[in-house]
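# Architecture at a glance
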Amino acid sequence: MKLIRNILAVCSITLFAALALSCNEGTNTLFDNIINDTPIRNNNQLGNTANVPAMTKIGTTYYAAVGKIRFRADSATIWDSLTLATGIHYTLATDGANLYCGVFDGPDGSATGHLYQYNPGTAETTVVNIAGLKSIVKVKNFGSNVYASYKKTDNTYSLWSITTGLELPGLGALNLTAPIVDFVFDGVNVLFVCGTSVYMGSTMGSTAFDNLPSNPYAGITYDTTLNRIMVSTLNGLIFQSDDAVGSNWTSYGPYTYMRNSTSTNAPFGEFIMVSANYFLVGTSGAGFWYIDTSSTWAADRWNGTAQAELYNGAINSFYVDATRVFFCTIGAGLWDNTYAAGAWGGTWTRE
Amino acid sequence: MKEKYVIAALKKPIVIGIAALLFFQMLPAMAEDAKPQPSKPRAGGVTHILGDQAFIFSLGAAIPLFFLRTSDGVVEPTNLYPGPRVSIEYMNYLSQSFAVGVEVIGGFMFSPNLNIYFTLPIIAKISYIIYIDTFQLFLNMGLGIELEKFLEYSHVDFFVRPQAAFYLNLDPSIDLGLSVGYWLVPQFNTAGQPADQTRLGNFLDVSVSLIYHF
């Protein structure tokens, strides 16, 4: 009897120790995660595991690229479908009147693609003529100025202005061999990241900032409050220029987070400005991070661990509609919430 | 580095929990070595003596009450809905009025998003028993650890449960009763977690219980 009891004691101690040591601690306590597991409206319109690379809004209608285009009125909850062409619809922008959508003809990266223009008023779809186009990398608008990053048939990469119908001056001569993964128009110049360099393109041509170290650059934005440039990298760094033309840069980071008990550099991506001095930057696998350019400039990870799929998500892009921020994720659907006076609303919505 | 902190933070509940369990596991062995004392026969019921054993099976509900944030004393709603709980206990009588036991409880509760908070308290328990004709009132105090899981996160906390249980003696080997317990779960922040996230969890535990004496 005593032997059995001793064996049971040893087994139970071993079991408790094993269970305790296998604990998976988050950045917040377990009770805190429970308290913050605020309701998610989850009518599964776009799918909880949908890839939503981009979205935009024309008038009162939201458009989301999810392979095809889904759209809904901002006052509605039901998403309708729209297909402009055969193929994968994956990037969206608008000049205020027309929707621009990049479409891959085939499922793989070697496929050719096109940029389509859709007018919701007339329901007319036309192909945008881009000289030497092989496929579209990304399309973005800055106000009514629409730019497309694209791959050419000679396998180099460039930027095209939809507004002027021209390639950026002098950019073709650079023969860029890496995709232009992000770009921003500051009102005068186009700034873009390509491979391990950051460039400024103007009517005089495009040149790389040689005062920036080589890094896997992923995102770029322009702080219209401080008139400074910000760039992000896949290895957890944020660079900030001290003027509008990148005369000098300050590096921040690397910012890290714990994943599977390992410290990992945050793989940053696109930025969005949600209010003056207040930016979000997406990651591939660590949700999104805050940057307050008015104070410490430190990037902090959003701590909404209860919304686990967003917290650990890959956020490809953002869209801000007044006080509502949309999070376009890869593999975790389209999320949104209101943001006002430094605080998120109580309900996280997964469209 | 973080693992070190986590293990350090876990040491307290683990060590105290294991010590308590070992202590209570040793008691029956000590009881075997001691000479049983004759107990006074009880009118209307079965008399228990040192070394008598029983299993207690319970089925009921765990009702979340509130979290108390210790840094500023703020009471917060738990954001959980009540859920089912089951338990099994091995009990050993020390005398007619005292018993010790080890209990394993399993339960879960839902958040508004239907995420599940799993809980597995493992406690050592001491009971004082008051006999009222064919009824028995158990006043229990349990101490142990609680293994918890929510989303992808898991954690171990201390666990304290005062409990009262009222049983009706159905036959010499079976008692049926109702138990009401109060779970106190202090959850300390570990290194890397904000200090103001230390909370005291408060839950109510209501169950129907059956004692099988053997």
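Report follows, based on the coordinates.

Criteria and cut-off values
- Residues numbered from 1 in each chain as written.
- Chains lettered and ligands numbered in written order.
- Predicted model: local features only at pLDDT ≥ 70, side-chain atom pairs only at ≥ 80, totals over all residues.
- Heavy atoms only, no water.
- Helix = DSSP H or I, 4+ residues; strand = E, 2+ residues; numbered from the N terminus.
- Salt bridge = Lys/Arg side-chain N within 4 Å of Asp/Glu carboxyl O.
- Buried < 20%, exposed > 50% of the residue type's maximum accessible area, 1.4 Å probe, protein only.
- Polar contact = N/O pair within 3.5 Å; in protein donor to acceptor, adjacent residues only side chain to side chain.
- Contact = heavy atoms within 4.5 Å.

### Considering unusual backbone geometry
Residue and element names in this part refer to chain A. A cis amide bond links G253 with the next residue in sequence, P254, at an omega value of 10°. Positive phi, normally seen in glycine, also occurs at N175, with a value near 45°. Within the secondary structure, N175 is located in the loop between β13 (166–167) and β14 (180–185). You will see that N277, though not glycine, has its phi angle at about 70°, which is positive.

### Points about the pattern of salt bridges
All names here are of chain B. Per the stated rule, a full pass over the model turns up 19 salt bridges over all chains. Close ionic contact of E76 with R69 constitutes a salt bridge, the shortest N to O distance being 3.0 Å. We note a salt bridge from D205 to R85, for which the minimum N-O separation is 2.9 Å. Placement of the pair is D205 in strand β9 (residues 199–213) and R85 in strand β3 (residues 83–93), with a sequence separation of 120 residues. Owing to a relative accessible area of 1%, R85 belongs among the buried residues under this scheme. By sharing partners, the salt bridges in this structure join R85, E89, E103, K125, R161 and D205 into a single network.

### With respect to the side chain of S149 of chain A
Residue and element names in this part refer to chain A. Relative to the helices and strands, S149 resides in strand β11 (residues 145–152). Judged by its relative accessible area of 0%, S149 falls in the buried class. Polar contacts involving the side chain of S149 include one to the main-chain carbonyl oxygen of I180, which spans 2.7 Å. When sequence neighbours within four positions are dropped, the list of residues in contact with S149 reads I136, V137, K138, S158, L159, I180 and F183.

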